[in-house]
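Topology and contacts: notes
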Amino acid sequence: LVHNDYLEQASDSGLVGFAVYGVFVAGALVWSFKRGVWPSPAAQGAEARPGAANDWLRFAVWLGVLGWCLQGFVEFGLYIPASAWPAFALLGWLLGSAQIPWTKPGRPSRLPAQ
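Residues numbered from 1 in each chain as written. Predicted model: local features only at pLDDT ≥ 70, side-chain atom pairs only at ≥ 80, totals over all residues. Heavy atoms only, no water.

1. Examining helix α3 (residues 55-71)
Look at α3: 24 Å from first C-alpha to last across 17 residues, which is about the 24 Å you get at 1.5 Å a residue. Every buried residue of α3 is listed here: Asp55, Arg58, Val61, Trp62, Val65, Trp68 and Cys69. One side of α3 carries all its buried residues, which in axial view fall inside an arc of 145°. (Helix = DSSP H or I, 4+ residues; strand = E, 2+ residues; numbered from the N terminus. Expected span 1.5 Å × (residues − 1). Buried < 20%, exposed > 50% of the residue type's maximum accessible area, 1.4 Å probe, protein only. Arc of directions from axis to C-beta.)

Given below as structure tokens:
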């Protein structure tokens, strides 16, 4: 056992496993922040988004997951299921609740007659 999650992944799974784990963690944090925690003003539209009250909850959950990922640099917490499973579950919730850019509802297009 080594002293952090990332080195443990490298020693257990090799460089490929380390790269996959690192890209997954970094990509999930960046993507969930850009899409779910801090969406761009263009994606918000002129009107208030529905569910804007949940933005603080998403931000708090994202900060918690970020803290867990940063703690992985000084401790190997993946062997503790009581902390790893909730962290990955919350990361999955962040990815699943990421907002899609809002558009104004328009008239549905009609398919061409065949």
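2. Describing the packing of helix α1 (residues 5-37) against helix α4 (residues 81-96)
The relative placement of two packed helices is expressed as an angle between their axes plus a distance between the axes. Where α1 meets α4, the closest approach of the two axes is 9 Å, and the angle between their N-to-C directions is 45°. Compared by their axis directions, α1 and α4 come out oblique. Here α1 runs over α4; the crossing is left-handed. Two secondary-structure elements touch here, α1 through Tyr21, Phe24, Ala28, Leu29, Trp31 and Ser32 and α4 through Phe88, Leu91, Leu94 and Leu95. Along the lines of polarity and charge, the residues of the contact of α1 with α4 split into nine nonpolar, one polar and no charged. (Axes fitted to C-alpha atoms, helices over the stretch in contact; angles between N-to-C directions. Parallel < 35°, antiparallel > 145°, perpendicular 65-115°, else oblique. Left-handed = near helix turned anticlockwise from the far one by under 90°. Contact = heavy atoms within 4.5 Å. Nonpolar A, V, L, I, M, F, W, Y, C, P; charged D, E, K, R; others polar.)

3. Overview of the environment of Ser11
Along the chain, the position of Ser11 falls in helix α1. On a C-alpha basis, the gap between Ser11 and Leu1 in space is 8.7 Å, while along the polypeptide they are ten residues apart. At a separation of 3.1 Å, a polar atom in the side chain of Ser11 contacts the main-chain carbonyl oxygen of Glu8. (Polar contact = N/O pair within 3.5 Å; in protein donor to acceptor, adjacent residues only side chain to side chain.)

4. A look at the side chain of Asp5
Assignment of secondary structure puts Asp5 in helix α1. The charged side chain of Asp5 is buried without a salt bridge, its nearest counter-charge being Lys34 at 24 Å. A distance of 3.0 Å separates the side chain of Asp5 from the backbone nitrogen of Gly77, its partner in a polar contact. Not counting chain neighbours up to four residues away, the residues in contact with Asp5 comprise Tyr21, Gly72, Glu75, Phe76, Gly77 and Leu78. (Lys, Arg positive; Asp, Glu negative; His and termini not counted. Salt bridge = Lys/Arg side-chain N within 4 Å of Asp/Glu carboxyl O.)

5. A short note on the nonpolar core
One finds Val25, Leu29, Val65, Trp68 and Cys69 to be the most contacted residues of the largest nonpolar core, which totals 15 residues. Put simply, the parts of the chain that give this core at least two residues each are α1, α3 and α4. A total of six residues in this core trace back to one element, the largest contributor, which is α1. Not counting the four nearest positions on each side in its chain, Val65 is found in contact with Leu29, Ala87, Leu90, Leu91 and Leu94. (Core = buried A, V, L, I, M, F, W, Y, C linked by side-chain atoms within 4.5 Å.)

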